[in-house]
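Descriptive structure summary
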Amino acid sequence: MGKVTGFMEYERIEEGYEPVAKRVKTYKEFVIGLSDEQAKVQGARCMDCGTPFCNSGCPVNNIIPDFNDLVYQGDWKNAIEVLHSTNNFPDFTGRVCPAPCEAACTLNINDDAVGIKSIEHAIIDKAWEQGWVKPQPATVKTGKKIAVVGSGPAGMAAAQQLARVGHAVTVFEKNDTIGGLLRFGIPDFKFDKSHIDRRVKQMEAEGVVFKTNVMVGELPKDSKVTNWAKETVSPAQLQKEFDAVVLAGGAEQSRDLPVPGRDLDGVHFAMEFLPMQNRINAGGKIKDQIRADGKHVIVIGGGDTGSDCVGTSNRHGAASVTQFEVMPQPPEQENKPLVWPYWPLKLRTSSSHEEGCAREFAVSTKEFMGKNGKVTGLKTVHVELKDGKFVEIPGTEKEYKADLVLLAMGFVSPVATILDAFGVGKDARGNAKAGTDFQGGYLTSAPKVFAAGDIRRGQSLVVWAIREGRQAARAVDEFLMGSSTLPR
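Each chain carries its own residue numbering, running from 1 in the written order of its sequence. Local features in a predicted model are, by the rule used here, given only for residues with pLDDT of at least 70; side-chain atom pairs are given and counted only at 80 or more, and totals for whole chains, interfaces and linings are based on all residues. Think of the side-chain values as coming from all heavy atoms in the structure, minus any hydrogens and water.

1. A few points about the pairing of strand 14 (residues 363-371)
The criterion for strand pairing is that DSSP finds at least two bridges linking the strands in question. Comment: elements are numbered from the N terminus, with helices defined as DSSP H or I runs of at least four residues and strands as E runs of at least two. Relative to strand 15 (residues 374-386), strand 14 runs antiparallel, the two sharing eight bridges. Within the sheet, the bridge partner assigned to Lys371 lies in strand 15 and is Lys374. From the end of strand 14 to the start of strand 15, which pair antiparallel, there are two residues, and Asn372 there has a positive phi angle of about 55 degrees.

2. Some thoughts on the sheet that holds strand 18 (residues 404-407)
Across the sheet, which stays open at both edges, the five strands sit in the order 10-18-11-12-13 with parallel pairing between neighbours. The open sheet has two free edges, formed respectively by strand 10 (267-269) and strand 13 (358-361), since each of these has just one partner strand. Strand-to-strand twist in this sheet, taken as the mean axis angle between neighbours without regard to direction, amounts to 20 degrees. Pairing geometry for strand 11 (residues 296-300) and strand 12 (residues 320-325), over five bridges, is parallel. Bridge assignment links Ile300 to a residue of strand 12, and that residue is Phe324. Running over the sheet, helix 14 (residues 270-281) touches strand 10 and strand 18 and is turned about 75 degrees from strand 10. Note on definitions: angles span 0 to 180 degrees between N-to-C directions of axes, and those axes are lines fitted to C-alpha atoms, for helices only across the stretch in contact. Note on contacts: a residue pair qualifies if any of its non-hydrogen atoms lie within 4.5 Å across the two residues.

3. Overview of the layout of surface pockets
Roughly 250 Å³ of internal volume is contained in the second largest pocket. Here a cavity means grid points, on a 1 Å grid over the protein atoms only, where a 1.4 Å probe fits yet cannot get out; a pocket means an open set of points with protein on both sides within 12 Å along at least five of seven lines; lining residues are those with an atom within 4 Å of a point. Around the second largest pocket, the lining is made up of 14 residues, and of these Lys224, Val225, Thr226, Glu272 and Met276 lie nearest the centre. Broken down by element, the residue count for the lining of the second largest pocket peaks at four residues, all from helix 14. Grid points are joined across faces, edges and corners, and a volume is the space filled by probe spheres set on the points.

4. Concerning a nonpolar patch on the surface
Without a salt bridge and with relative accessible area above 30%, a residue can belong to a patch; like charges are then joined within 9 Å and nonpolar side chains (Val, Leu, Ile, Met, Phe, Trp, Tyr) within 5 Å. Exposure was quantified through the Shrake-Rupley algorithm and a 1.4 Å probe, taking into account, for residues, occlusion by the shown protein chains and nothing else. Any Lys or Arg side-chain nitrogen located within 4 Å of an Asp or Glu carboxyl oxygen qualifies as a salt bridge. On the surface, Met327, Leu385 and Phe390 cluster together into a nonpolar patch covering about 260 Å² of accessible area. By the secondary structure assignment, Leu385 is in strand 15. Throughout, exposure labels follow a simple rule: accessible area from a 1.4 Å probe, protein chains only, divided by the maximum for the residue type, with under 20% read as buried, over 50% as exposed, and the rest as partly exposed. Overall, the relative accessible area of 43% leaves Leu385 in the partly exposed class.

5. Concerning helix 3 (residues 36-44)
Those residues of helix 3 that sit buried are Ala39, Val41, Gln42, Gly43 and Ala44. Check the buried side of helix 3 and you find it contacts helix 1 (6-9), helix 5 (64-72), helix 6 (76-84) and helix 9 (116-130).

6. Examining the environment of Ala402
Relative to the helices and strands, Ala402 is located in the loop between strand 17 (398-401) and strand 18. Once the C-alpha coordinates of Ala402 and Val375 are considered, the two residues, 27 residues apart in sequence, prove to be 6.8 Å apart. With near-sequence residues (within four places) excluded, Ala402 lies in contact with His296, Ile298, Val375, Thr376 and Gly377.

7. As for the pattern of salt bridges
All told, the structure shown has 26 salt bridges when counted by the stated rule. For Arg12, the salt bridge is made with Glu14, and the minimal N-O distance between the two is 2.8 Å. Using a relative accessible area of 23% as the deciding quantity, one classes Arg12 as partly exposed. Given the relative accessible area of 54%, Glu14 is considered exposed.

8. Thoughts on the packing of helix 10 (residues 153-164) against helix 20 (residues 462-481)
Two elements in contact, helix 10 and helix 20, have axes whose closest approach is 7 Å; the angle formed by their N-to-C orientations is 35 degrees. As for the relative orientation of helix 10 and helix 20, their crossing is right-handed in sense. Between helix 10 and helix 20, the residues in contact are Pro153, Ala154, Ala157, Ala158, Gln161 and Leu162 and Val462, Ala465, Ile466, Gly469, Arg470, Ala473, Val476 and Asp477, respectively. Each crossing gets its handedness from the near helix: less than a right angle anticlockwise from the far helix is left-handed, clockwise is right-handed.

This is how it looks when you write it as structure tokens:
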């Protein structure tokens, strides 16, 4: 529980950042993690809550008070054992998770929450530094073969768990490297891809086989989903050759904005823009890269993907960056007694915003304007919510100059053609329909086909993807073996 009086003695310590002028010149991570002593102080702030709401606030149910106390005691090796017992990839979540656990922290009711995410970050970095993260190959093989389609965090978590109990696991990825949207959707300055690469090596040592540039099924004609596959495998072939199939391909269909001028050159999905830069950073070549150099950039969408577009545009050297959000501006401070322990609605300013960005709220785009087939600007109007619908406010029309428009309004669903090819039933939102009950959980309507992550629950967080992958792995193990020793 940390120090008995620690929460009264110590203040929250935030992780540091490299100066803006320095970090915008590179694509390297710029977060300065806690020192051992700073992490110890944060661990000391953890209270003896009785009911640690942080555990339930965390989708993977990290045993947070225990590893906080171990860090406070200086027992880093046992801290990583506790952390790894619930989370396969704390090196991912310690960097890009928004930390719902901290929103649920009891101390957060009337003070600053314990810096749980920064402690997690410190633990896993220490573990890699000390060589404590090692492969855990199975001692006994089951003879069962499992195909995992998609190599994002859900697919990776499912594959690792299944390999560790002796199954032969093959992961299929349509792009040329492993990681899914974790690799191609999150900029390197937020998450360096070496963290994925060393986990892939660990998993290969555990027996997982990765097959890249392989498309399972087909994408719709003119699809904008990133696809660098050189080979195609049919769903029927996987269902014939493997004892079980786990679909973990994510929700890759970007939400579009069908207004006049949408077909103008210079209007792109964020997921056309971001993967290009990540691939170039990895030494790849992209023909006709979408660049923001010297351009007036409009980012439509106020979430994390929009923020990533802002940071990348600034690193390109954009003349200006403006971000639109259709929702009204949230309060700067949440009403904690009202919303705790749930994730609060409040104004969030990211590191990318701090690097330079104008933010506009309650703005709806009515039309893209262009000349000679290229976007030159857009027309907007302010809106307000009435009876659950957006209503335009007369007299608030405005025009903005724009040379590049990036649509970052989230994702609507998985690729329907792939689910259809497997014969998987869909819910009302187009996601793979599968429950989460322990008996038969994550099993779809198609025989021996399971679904986990965004492809099942819709667009969500990395930490939810890891949870779903772990839970689906247990369901598959029970399906094949009758029972499972994998954690729930």
